[in-house]
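# Summary of structural features
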Amino acid sequence: MEGRKLLMTLLEGHATVYIKTEGDKIVDVLYQGVDVRFFETFWVGNLVDEMPRITPMICGVCSATHHVCSAKAVDMVRGVEPPETAIRIRDAMNYGLHLNNQAMHLVALGLPDFLPPDTPRRSLIQLSKARPELVKTGLELVELGFQVVKVFGGRDVHPINAIAGGVARPPNKSDVEKLAALFREKEATLKRFVEEAWSLLQENHSKIEKYKPSYKYMMAIDPGKPPYNPSHGTVKIIDEKGGVKTTFPDKGPEYLHALDEHTVDYSYIKMVTPKGGDLRSDSIMVGALARLNIVTDYGVEWANELRDKIFEEWGKPARHTLLTHYARIVETVALYEILKEKLASEDYYTPPHANPPTRGGGEGAGIVEAPRGLLIHHYAADEASRTVFVNIITPTAINAAAIEADLRNHLVGKTLTELGDKLYAEVAAIVRAYDPCMSCSTHTALQPAPITIRIVDANTPIKLPLKPPRRR
Amino acid sequence: MAKLTLAAVTLTACGGCDVQIMRALLHPDIMESFEIVYWPFAVEETRLPEKVDVALVNGVVRTEEDLEKLREVRKAARRLIVVGSCAGFSGIAGQADYWPTDASLRAVYGKPPENTVKVLRRVFSPADLVPVDYIVSRCPPLVPSIVSALRAVLGKTSIETVESTVCSQCPRRIKEIKEIHFKKGMPRDADPETCFLSQGYLCMGSVTLVGCGAPCTRFGLPCFGCSGPSHEVALRRDSDIVIALARKIAVLAGLDPVEGAETVKKKLLETYGPRRFYVFTMGSEVIRTKPNAYAVEAAAETRLNPELCEKMIETRKKYLRR
Amino acid sequence: MPVKPPTIIIDYDRCKKCLNCIRACTAFEGVYEKGEDGYPKVVRPEYCVECLICHLVCPSNAITHKNYRETLVLDLSGLPIERYKHIV
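Computed from a predicted model, the values in this text were never measured in an experiment.

## Regarding the overall build of chain C
For chain C, the count of helices and strands is three helices and four strands. For chain C, the N- to C-terminal ordering of α and β elements is β-α-β-β-α-β-α. Looking at chain C as a whole, 45% of its 88 residues are labelled buried. For chain C, contacts bridging at least 24 residues in sequence account for 50% of all contacts bridging at least 6. Accessible area for chain C stands at about 5200 Å²; split by element, carbon and sulfur atoms hold 56% of it.

The following block contains the structure:
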């Protein structure tokens, strides 16, 4: 048996890519998540009202999205519609988090991948040597996103403000005004960031071209009308041609009629396909690129222009996996401009901020867009408001099948010799484009650390050696 | 001065600590003094070196792989700093111990995956398993705390341990309690100026480590206890979260601190159940080994009633079957 | 036996004016009294019987006793104490 293990990096959590070989030839690729934390069982028996405080801890990177999504589900469980003001505050939280994450992914996780592969320890730090402006402006946007979450959510990581029926407290007026002023000031930063990031990607078109897509569907929330809003709308699944396959509402358990969850025996990720779909052929991609194709109008001219540029060059729907990096730039622009406008004009202070719940418990589900794609929280509670059921589907769980499909398409049939040292970089490029968040995806699991690549013989069952080998 | 080498290791965690570590490392003086040699979250380097000067560990030990990794990093590191509630006191991940691990696995996966990393039977916090030099608690850990721990390693500043509770930073006024009566749920109609305990809501502030600046109570939500137990609770063998809290409430209500506390404790446990007091500390040995603690009792609830587990699994199936 | 009464220090930065210390004090006359500004004051330290109940009922750990009897064994295992020396 050939045993080789490469550790992959620049993503949240731990995942393993298994490459099965017959002799020298690659015959199959499996994508494995290994962290387990049991978020879907451990709060059973406790108050469902507390879910929005617990679920952000599923993922520290996109905690605010989990918070908002959880609040949306709890609203439905408790039979209450949040007031307008509360919805605006929650939306602002989600906008801020998206801005933070898209910028953070670009500077810290995604773009270092476009540095020459022979750079030692490719990272944010190396990127800042090659492109100091890009990193500096990017990190400013990251902090800006954190500020928005902090003002509206109470804390920058793991926010607390949203409760069943609304929010606990309106933001401080002076804080919001300061933020609005900050957004006006940093316009130039954004411009510089977009230029730098865009040009870096422009230089690497051959790399983007190299990774052909082979996932089948794309799924995202379509807000219907501008401006772009990741928190409300109708979920749409489109096929390779861009035709709509299924739609379902962003609230309620109807998603169960459209999606299937599959337990696989080699991973703690429960992979997702459309109803009745096959794991190997019917994979769904979610995330920034899916949104790029499904959202009709960002409501920001600049963002729409950038998007049309992508469509011109790569066709519509744009499907090359690595185009996600472009899509993230487009979204950064859209989110920044929308936030700038909203912070300056929107009213977050008119009471009420929360409506009282009308029932002890029932069933409810909330669906929002996380930075990495569609996020579903589905709860049920009994009359005494005790949680009896929790199901959470995270973007990376949905993407897992798509990652596998892309990896298979790119690697199966090639030989290890021909790939040689490039193997690691090639797998990493695909996996990083999806920005998998392993903490989230391994449902019950927390995320472990890096991606590991293991190469095994086709006849050997996959088994973790008791003591994993530590060297390449 | 030569740069110190730094490795950041994530066990089973949420990534929030990684984000905070990143923000801490971006401080110019820290960036100048440390060279990052291993950090899967942000640096493309697959091998943990055999010797590093400082290691930052976050997350809980949940799988066999985590255990291996933790041993490896402890062996390699001259100074080991654990970051976050998970690493210090098992954090939110410790809640999973309420259900037996195989019941949870069955509930979520039906048939648990076999060809993958093995999940341990319970959650451990790294601070319970290996000796650590510093704990930066809280969920999420605060950037200034991580920075001050790193500066302390550099020998630039001395470091003071925190020994007060969240109450000392909370702006709410404590008033006497008229009648011992506890309310469940979120405090929607609570007075924004008065202490939650005085109003009959469960707030963990008085038994929780300080440092966060009490954002939750400022936002009208009671403290959840994310920093872990305060000095007094953790150090005294006769103390525990529930009894310490009950004692404070009892005296606020003008009762005797010993006998009154017993009555209050009974009432607290009746209203909220033992598990609610250990949201962030359930898997911690510091709490579990206390003779008066209820963490083990909470976990025993499901172990003594296997029907509870079956019911949970059945309910899950029912809702997912459409 | 020491005749000197213990020095009792209240950290007024932390004190929440809940007056739990006054209510719980086991000394006959009571060591603490409410001051004009609403904060508890140490007025009769010589009556202190060193039961340290005030430490336990204080919600913010604001009270410190100095030079009190030192035979008190707080922890047998020593493990948590070691750990708490280094909490940041």
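## A short note on the pairing of strand β1 (residues 4-10) of chain B
All names here are of chain B. Along β1, seven of the seven residues are buried, which leaves the element largely enclosed by surrounding structure. Alternating positions in β1 separate into two faces, Leu4, Leu6, Ala8 and Thr10 on one and Thr5, Ala7 and Val9 on the other, with burial throughout. Sheet analysis places β1 next to strand β2 (residues 34-38), joined by four bridges and oriented parallel. Bridge pairing in β2 places Thr5 opposite Glu35. Pairing of β1 with strand β3 (residues 52-58), which is carried by five bridges, proceeds in the parallel orientation. Bridge pairing links Ala8 to Leu56 in β3.

## A short note on the pattern of salt bridges
Residues and elements named next belong to chain A. Taken as a whole, this structure holds 53 salt bridges over all chains when the rule is applied. Here Arg280 ties to Asp28 by a salt bridge, and the two come within 3.0 Å at their closest N and O atoms. Of the two residues, Arg280 is situated in the loop between β10 (270-274) and β11 (284-286) and Asp28 in strand β3 (residues 25-33); the sequence distance between them amounts to 252 residues. Overall, Asp28 belongs to the buried group, its relative accessible area being 12%. Via salt bridges that share partners, Arg131, Glu133, Arg192, Glu195, Glu196 and Glu203 belong to a single interconnected network.

## A word on the pairing of β10(A)
All names here are of chain A. In terms of residue burial, β10 counts as a mostly covered element, since five of its five residues are buried. The pairing of strand β9 (residues 259-263) with β10 spans five bridges and is classified as antiparallel. If you follow His262 over to β10, its bridge partner there is Met271. Joining the antiparallel neighbours β9 and β10 is a turn of six residues.

## Considerations on helix α12 (residues 324-345) of chain A
Look at α12(A): 31 Å from first C-alpha to last across 22 residues, which is about the 32 Å you get at 1.5 Å a residue. Most of α12(A) is tucked away: 18 of the 22 residues are buried.

## What to know about helix α11 (residues 301-314) of chain A
All names here are of chain A. A rise of 1.5 Å per residue sets the reference length of α11, with its 14 residues, at 20 Å; its end C-alpha atoms lie 20 Å apart and thus fit the reference within 8%. Elements in contact with the buried residues of α11: α7 (187-202), α8 (205-210), α10 (288-294) and α12. Just past α11, the residue Gly315 takes up positive phi, approximately 85 degrees.

## What to know about the sheet that holds β1(B)
Residues and elements named next belong to chain B. An order of β2-β1-β3-β5-β7 is seen for the five strands of this open sheet, with the pairing classed as parallel. Of all strands in the sheet, those bounded by a partner on one side alone are β2 and β7 (134-136). Across the sheet, the mean angle from the axis of one strand to that of its neighbour is 30 degrees, orientation sign disregarded. As judged from the six bridges shared by β3 and strand β5 (residues 77-83), these two strands associate in the parallel manner. What sits directly across from Val57, in β5, is Val82. Sheet strands touched by helix α1 (residues 16-25): β1, β2, β3 and β5. Its angle to β3, the strand with the most contacts, is close to 140 degrees. Set on the sheet, helix α3 (residues 64-76) makes contact with β1, β2, β3 and β5; between it and β5 the angle comes to about 130 degrees.

## Digging into the interface of chain B and chain A
Where the parts come together, the accessible area they lose is often given as the size of the interface. Listed per partner, the contact involves 75 residues of chain B and 97 residues of chain A. Carbon and sulfur atoms supply 61% of the area buried between chain B and chain A, which totals about 7800 Å² over both sides. Between the two partners, chain B and chain A, sit six salt bridges. Linking chain B with chain A are 20 residue pairs in polar contact (both at pLDDT 80 or more), by the criterion used here. If you list the elements that add at least two residues to the side of chain B that touches chain A, you get α1, β2, β4 (61-63), α3, α5 (101-109), α8 (215-218) and α14 (306-320) of chain B. Here the residues of the side of chain B that touches chain A sort into 40 nonpolar, 14 polar and 21 charged.

## A look at the nonpolar core
Among the nonpolar cores identified, the biggest contains 177 residues, and Phe152(A), Trp39(B), Ile81(B) and Leu150(B) are the most heavily contacted of them. Residue contributions to this core peak at 13 residues, all from helix α3 (residues 84-110) of chain A. When neighbours within four sequence positions are excluded, Ile81(B) is seen to be in contact with Val54(B), Ala55(B), Leu56(B), Val57(B), Tyr134(B), Val136(B), Ala149(B), Leu150(B) and Val153(B). In this structure, Phe182(B), Ala190(B), Val242(B) and Ile243(B) belong to the second largest nonpolar core, which totals 50 residues.

## Quick word on the sheet that holds strand β6 (residues 217-222) of chain A
Residues and elements named next belong to chain A. Across the sheet, which stays open at both edges, the four strands sit in the order β8-β7-β6-β11 with mixed pairing between neighbours. Looking at which strands have only one partner, the edges of the open sheet turn out to be β8 (244-249) and β11. Within this sheet the neighbouring strands show an average axis-to-axis angle of 25 degrees, counted without direction. As paired elements, strand β7 (residues 234-238) and β8 share five bridges and run antiparallel to each other. Among the inter-strand pairings, Val235 is bridged to a residue of β8, identified as Phe248. Packing against the sheet, helix α13 (residues 395-411) makes contact with β6 and β11, and its axis sits at approximately 135 degrees to β11.

## Here we look at the interface of chain B and chain C
Taken residue by residue, the interface counts 45 residues in chain B and 26 residues in chain C. There are two salt bridges connecting chain B and chain C. Linking Glu176(B) and Arg23(C) is a salt bridge whose minimum nitrogen-to-oxygen distance equals 3.8 Å. For the pair chain B and chain C, the number of links is 10 residue pairs in polar contact (both at pLDDT 80 or more). Of all the secondary-structure elements, those providing two or more residues to the side of chain B that touches chain C are α4 (85-89), α6 (126-129), β7, α7 (143-154), α9 (231-235) and α10 (241-252) of chain B. When grouped by side-chain class, the residues that make up the side of chain B that touches chain C number 20 nonpolar, 13 polar and 12 charged.

What counts as what
- Residues numbered from 1 in each chain as written.
- Chains lettered and ligands numbered in written order.
- Predicted model: local features only at pLDDT ≥ 70, side-chain atom pairs only at ≥ 80, totals over all residues.
- Heavy atoms only, no water.
- Helix = DSSP H or I, 4+ residues; strand = E, 2+ residues; numbered from the N terminus.
- Buried < 20%, exposed > 50% of the residue type's maximum accessible area, 1.4 Å probe, protein only.
- Contact = heavy atoms within 4.5 Å.
- Areas by Shrake-Rupley, 256 points an atom, 1.4 Å probe, with all protein chains shown as cover.
- Pairing = 2+ DSSP bridges.
- Salt bridge = Lys/Arg side-chain N within 4 Å of Asp/Glu carboxyl O.
- Expected span 1.5 Å × (residues − 1).
- Axes fitted to C-alpha atoms, helices over the stretch in contact; angles between N-to-C directions.
- Buried area = accessible area lost by both parts, 1.4 Å probe.
- Polar contact = N/O pair within 3.5 Å; in protein donor to acceptor, adjacent residues only side chain to side chain.
- Nonpolar A, V, L, I, M, F, W, Y, C, P; charged D, E, K, R; others polar.
- Core = buried A, V, L, I, M, F, W, Y, C linked by side-chain atoms within 4.5 Å.

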